[in-house]
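Next come the chains, spelled out residue by residue.
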Amino acid sequence: MSSSASNSDKASGVVQETIKQFLSPVNAFLEDPTVSEILINGYQEIFDERKGKLERVDARFADDDSLMAAINNIARSVERRIDRDNPRLDARLPGGSRIAAVFPPCSRKGPIMSIRKFTNNKITFQDYIRFGAITPDAAMFLEISMFLGKNILVSGGTGSGKTTLLGLLCSRIPKGQRIIVIEDSSELEINYEHMVNFEKKEADSQGKGEVTIQDLLKSSLRLRPDRIIVGEVRGAEALELINAMNTGHKGCLGTIHANSPADAIVRLEALAQGGENKISEKALRYQVGSAIELIIQVSRYSDGSRKIAQIAEVRGFLPDGS
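Student: Just checking my understanding: could you explain the packing of aromatic side chains for this structure?
Tutor: Remark: the centre distance and the inter-plane angle together describe each pair of aromatic rings, the angle taken between the planes. By the definition in use, this model includes one aromatic pair. Ring geometry for F125 versus Y128: centroids 6.4 Å apart, planes at 65 degrees, classification edge-to-face. Here Y128 and F125 lie together in helix α4 (residues 125-131), a separation of three residues that amounts to about one turn. Just as F125 is buried, Y128 falls in that class too.

What follows is the structure in structure tokens.
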């Protein structure tokens, strides 16, 4: 291991230990492998998630000020900023977990924070079949689709397992390709030989230096990608991704928040229309119908299970507008 890599690992370890000190009231849940997420609704109301089920836990911070100080210190440790003038935080911790927070005055219940824990467990299609999340035939169909380079959108609600499924699909990409992965904050763990990871950059305290996913998508198109993976499509970058899919970059993937494949298409169109480059509704629909080939709908059910509810084929835009 190089000295620079060793120093980076040491620095990461120091940051992780510092974060543990700040979050001492919930350390037991951070270290519990059965807990997937910790939700802090003010200093005295804390929930955890186990097997898709939420339950309130007997833990609390001393007061709102101590919770705000903990979140502030965590933000500084990962070179982010949160305060009353900039009351939102979305960041990745050194261990891979993701933290989101909102401060007053936007939050009326005091400081709010969620910690989505990173897991090293490598999920396979066999695991999905064993859990009852997919049938063997559907798993084989998705394997073949990845081999053939189909453009795929993974759709679902919050916590439905979109990122997990996206990572699994990426692991089935045939060898010998160049992959560029673009995310808000790095979550995807993909073991692949030729891969480049990009992460968007927030503006500094003077409002300068922001680099959006749309900016990174534009850059990636000039870096000879075979496949572009967008962790979540949530803004004007939707049009850039559609254009990439329609200009020879087959096998692109992304996730989107939607309740059904039809809703996913409508949302993608709406996001694409929100950019600076204006395009007619009819032309956009033709482009979306040509770009997206499959939509995989993942759902989280009342018993806490997450399953692939539907695999839909997009068959293009018909002359009658349907």
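Student: Got a minute to help me understand the sheet that holds strand β1 (residues 35-41) in this structure?
Tutor: The strands that make up a sheet pair up through hydrogen bonds in the backbone, lying either parallel or antiparallel. Here we have six strands laid out as an open sheet, ordered β3-β2-β1-β6-β5-β4, and antiparallel in their pairing. Lying at the two open borders of the sheet, with one neighbouring strand each, are β3 (53-56) and β4 (88-92). Between one strand and the next, the sheet's axes are offset by a mean angle of 15 degrees, whatever the strand orientation. Pairing of β4 with strand β5 (residues 98-102) involves five bridges; the strand directions are antiparallel. Within β5, the residue paired with L89 across the bridge is A101. In the packing of helix α3 (residues 64-77) onto the sheet, the strands contacted are β1, β4, β5 and β6 (112-116), and the crossing angle to β6 comes to about 50 degrees.

Student: Just checking my understanding: could you explain helix α8 (residues 237-245) for this structure?
Tutor: In an α-helix, one turn spans 3.6 residues, which is why side chains three or four residues apart end up on the same side. With respect to burial, α8 is a largely interior element, eight of its nine residues being buried. Turning to α8, its buried residues number three or more, namely E237, A238, L239, E240, L241, I242, A244 and M245. For α8, the elements touching its buried residues are α7 (213-220), β10 (227-230), α9 (261-273) and α10 (281-291).

Student: Just to check I follow, could you spell out unusual backbone geometry for this structure?
Tutor: Excluding glycine, residues mostly carry a negative phi; peptide bonds, for their part, are mostly trans. Omega for the bond connecting P104 with P105 falls within 30 degrees of zero, at 10 degrees, which places this linkage in the cis form. As for its placement among the helices and strands, P105 is situated in the loop between β5 and β6. The backbone of R224 sits at a positive phi, close to 55 degrees, despite the residue not being glycine. Looking at where R224 falls in the secondary structure, it is placed in the loop between α7 and β10. The class of R224 is exposed, set by a relative accessible area of 55%.

Student: Would you mind showing me how to read the nonpolar core here?
Tutor: Note that soluble globular proteins tend to have their nonpolar side chains buried in a common cluster. In this structure, L268 and I292 are the most contacted members of the largest nonpolar core, which totals 29 residues. Breaking this core down by element, the ones donating at least two residues are β8 (179-183), α7, β10, α8, α9 and α10. Broken down by element, this core gets its largest block of residues, six residues, from α8. Here I292 is in contact with N151, L153, M245, L268 and V314, once residues within four sequence places are set aside.

Student: How should the sheet that holds β10 be read in this particular structure?
Tutor: As summarised here, the arrangement of the seven strands in space is β9-β8-β10-β11-β7-β12-β13, forming an open sheet in which the pairing is mixed. The open sheet is flanked by β9 (195-199) and β13 (306-313), the only strands paired with a single partner. The sheet shows a mean angle of 20 degrees between the axes of neighbouring strands, direction not considered. Helix α5 (residues 136-148) contacts β7 (152-156), β10, β11 (253-257), β12 (294-300) and β13 of the sheet and is inclined by roughly 55 degrees relative to β13. Sitting on the sheet, α9 is in contact with β7, β11, β12 and β13, with an inclination near 100 degrees to β11.

Cut-offs and rules
- Residues numbered from 1 in each chain as written.
- Predicted model: local features only at pLDDT ≥ 70, side-chain atom pairs only at ≥ 80, totals over all residues.
- Heavy atoms only, no water.
- Phe/Tyr/Trp six-rings, centres within 6.5 Å; stacked < 30°, edge-to-face > 60°.
- Helix = DSSP H or I, 4+ residues; strand = E, 2+ residues; numbered from the N terminus.
- Buried < 20%, exposed > 50% of the residue type's maximum accessible area, 1.4 Å probe, protein only.
- Pairing = 2+ DSSP bridges.
- Axes fitted to C-alpha atoms, helices over the stretch in contact; angles between N-to-C directions.
- Contact = heavy atoms within 4.5 Å.
- Core = buried A, V, L, I, M, F, W, Y, C linked by side-chain atoms within 4.5 Å.

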